[in-house]
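Tertiary structure, described
Here are the chains, one letter per residue:
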Amino acid sequence: MSSPLKLPIEALKLHIDLTGFDFPPAPRLQNTILGQDRARSALEFGVAMPNAGYNIFVMGDTGLGRVSMITNHLNTLAQTIPAPSSYAYVDNFDNPREPIAVELPAELGQAFSKSIEKLIDDLLATFPAVFESPAYQQKKSALERQLSQAYNNAIDSVDKKAQTLNIALFRDNEAITFAPIRDNKTLNEDQFTQLPKAERELFHQQVEQLEDSLSEELLELPQWRRNLVEKTKQLDNDTIHAAIEPLFAELNDTYQNVDDVITYLAEIKKNLDNTVADYLTPTRLEPRDTSSKRGVLTEQYAPNILVDNKQENGAPIIFEPHPTYQNLFGRIEYVSDQGTLLTSYRRICAGSLHKANGGYLILDAEKLLTYPFVWEGLKRALQSGYIEIESPYSELGVNTITLKPEVIPLKVKVILIGSPDTYYLLEELDSEFNEMFRILADFDNTIPRTHESTQGFIAVMIKHAADSGAKPLTREAITGLIEHSCRLSENQQHFSARINDSLDIVAEANLFCQQANDDTIDSKHIEQALRAREFRNGRLSQVILDEMLDGTVLIDTDGAAIGKINGLTVLEIGGSSFGAPARITTTVYPGSRGIIDVEREAELGQSIHSKGVLILTGYLGHFYAQQFPLAISASIAIEQSYSYIDGDSASLAELCCLISALTCVPIKQGFAVTGSINQYGEVQAIGGVNEKIEGFFRLCKARGLNGQHAVIIPAANKRNLMLKQEVIDAVAQGLFAVYVVSTVNETLELLTGQSVGIMDETGNYPEDSINFKAISRLKEIAELEDDDDKEEEKEGEKV
């Protein structure tokens, strides 16, 4: 089985020499993300670009370190940027439904809140005590005396008239009554009834005249009282203003450079006239306790500090893991009072946009698109430059009487993190997407294995082990981790960018190291962790192997057969993938139906697999049907396959199987084949080459390796080989082999042991060669088809 196409042991796996690399015990790393220079450059440019629309979409698969790179860069940058303004909401005394936004310098949010709390304490200490002062009481009494004097003068005038008529006037609070006088004595009711009728009637007439006079005298009494009320109110206001002026003078000095606060303090002063009169004046009713008064003043005047940025923190960096509409744009909360939902400006809650305003907001694109109204709301905020707190459900007819807070200016850099599928979906379906997210930070799935990246990989592994409390890593352990990373990338010259996978292996290997009471993590612990992971995820692969061994799934690994070949597949389930052989069969018979793909006819074959089968017709026509029409009927099937199949990696095996059935040349069943082809017979690279080889190896090993088992792969996949040690050991013992091919002819010779044949100058192949047999068989089928056509023409002429 010696052949130049057979790979030596050295080619089956990357062999790493770490001589010349540093192994510091506690490395200091400024950057724990390896590679990704393109993504890092795009991120730095997007963050530095101040123009609108230069938001960033960080594209890549999960586990590539996207969030770590973003946060590492922003944490360093944010410290150099001044902290943005703080914001608070206060009551709008003219229209409480529309609270007013107050902009404050950084760190003044809580200070402003405490200043208003102190103002409330001072108001409670000032009122109602100021109304109980002697000065106020004297002024108030003077006003009341003026009313009493006018009233008394009016009563006295009527009293004098009554006395001239021998009638006495009596005052009982507000009631005025009259009684007759006889002999300087006031008559009572009984005495009055004993008077002559004429005198009684005269008395009634005189009383009516006196009452008319009284009414005339007291005609202006309501006006006197209104004047008293107005003068008393003016006195109260003057007293209030005089009392609060010192309180506000200090505040005005403190916040003289904050325009919004000065405006709000002026509004409080205007509103205090009503508030003090309603809640803080002495009353004959049961007085309010201090706590209830404080509650009223707090609800009216205390600011709702929405965001209070700290100067030492610089620009805010906010990662919102749950971007619902309310979490992003803020919400208005309600309290239930006897079945009625009530709210106020103090129940306005900040969203992530408020917290990130003036800084950076990091969002998961997939989650952002999951929640209703969020994507459109975010675009609207970025386009308008304002944050508006509103109910997104009002458009659906779900309305609640609520607030309409004043909008807040928005200046934020939004960084979306998502997969390539999400990015291209947004780019295709949303015409505004590229206008708002002009920067793409594209993360690679692999990292070139250079001296610099290898040194970085070593440092990251050692640092992680030290930081996580794991045992130290030996050189051999790090060698195993590098091999594992290259296997994940399916390339000997590239690391996998999923560094977290290697870090997980370190943690798992540390457990086995501790269980063995070893002092360091060695290569054996790394291998043990990898074997344990494979065993945990290997139930399904073991089930499939058992079915092959007991004959449920028909796969031959010995002998030879016509029209049968072992193809190689990769099954991906959950987070694991494994390889397994699959039997491919082909039948050929006269006719011109072409090559029938059973998988496509059964609607199990996906588009790429169907493309691979269609290429077979192009190959047959190019190499075998240049001198006669290609007329063939053939059927190709992947046996015992009951799920969807995609990919063209079986096209090489399908073509070899088709030629075997066409020429009746048997194929060695100890071989398995993978690779795609083009119409000119060139073998092209495929994916999952390591899993495919190891899947067939497991079956052969279980049945007993005999030196006749081998796998054929494309030569272009040579650099992707990172096979397990058990496969390499079997190759070293001559029990297993891996061949690489570049053409279909090379594959056919390995599979059949016969010469394919090279076309001579006359355009013919040597007799007994596979190509000669193929042309002969196709020509024979074409002639049969031509004879059938002639018979049909004769039958038509007779009719």
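All figures in this text were calculated on a predicted structure; none of them were measured in a lab. (Residues numbered from 1 in each chain as written. Predicted model: local features only at pLDDT ≥ 70, side-chain atom pairs only at ≥ 80, totals over all residues. Heavy atoms only, no water.)

As for the side chain of Thr-479
Tracing the chain through its elements places Thr-479 in helix 17 (residues 475-489). Relative accessible area serves as the criterion here: at 17%, Thr-479 is assigned to the buried category. (Helix = DSSP H or I, 4+ residues; strand = E, 2+ residues; numbered from the N terminus. Buried < 20%, exposed > 50% of the residue type's maximum accessible area, 1.4 Å probe, protein only.)

Some points on the pattern of salt bridges
Summed over the entire model, instances satisfying the criterion amount to 27 salt bridges. Asp-37 is the salt-bridge partner of Arg-40, the closest N and O atoms lying 3.5 Å from each other. With Arg-40 and Asp-37 both in helix 1 (residues 37-48), this residue pair falls 3 residues apart, about one helical turn. The buried category is assigned to Arg-40, whose relative accessible area is 18%. The residue Lys-724 makes a salt bridge to Glu-534 at a minimum N-O spacing of 2.5 Å. Here the residue Lys-724 occupies a position in the loop between strand 29 (709-714) and helix 25 (725-732), and Glu-534 occupies one in helix 19 (residues 523-536), the gap between them amounting to 190 residues. Residues joined in a network through salt bridges with shared partners are Glu-376, Lys-379, Asp-430 and Glu-432. (Salt bridge = Lys/Arg side-chain N within 4 Å of Asp/Glu carboxyl O.)

Describing unusual backbone geometry
In this structure, Glu-107 is a non-glycine residue whose phi angle is positive, near 75 degrees. Relative to the helices and strands, Glu-107 resides in the loop between strand 3 (100-104) and helix 3 (108-126). A positive phi angle, close to 60 degrees, is found at Asn-517, a residue other than glycine. As for its placement among the helices and strands, Asn-517 is situated in the loop between helix 18 (499-515) and helix 19.

Looking at the sheet that holds strand 4 (residues 167-172)
In space, the 3 strands of this open sheet follow the order 4-5-6, with antiparallel pairing throughout. Two strands close off the open sheet at either side, each with one partner strand: strand 4 and strand 6 (185-186). Across 2 bridges, the pairing between strand 5 (residues 175-182) and strand 6 is antiparallel. Note that in strand 6 the partner of Ile-181 across the bridge is Thr-186. Strand contacts of helix 6 (residues 197-217): strand 4 and strand 5, with the helix running at about 145 degrees to strand 5, the strand carrying the most contacts. (Pairing = 2+ DSSP bridges. Contact = heavy atoms within 4.5 Å. Axes fitted to C-alpha atoms, helices over the stretch in contact; angles between N-to-C directions.)

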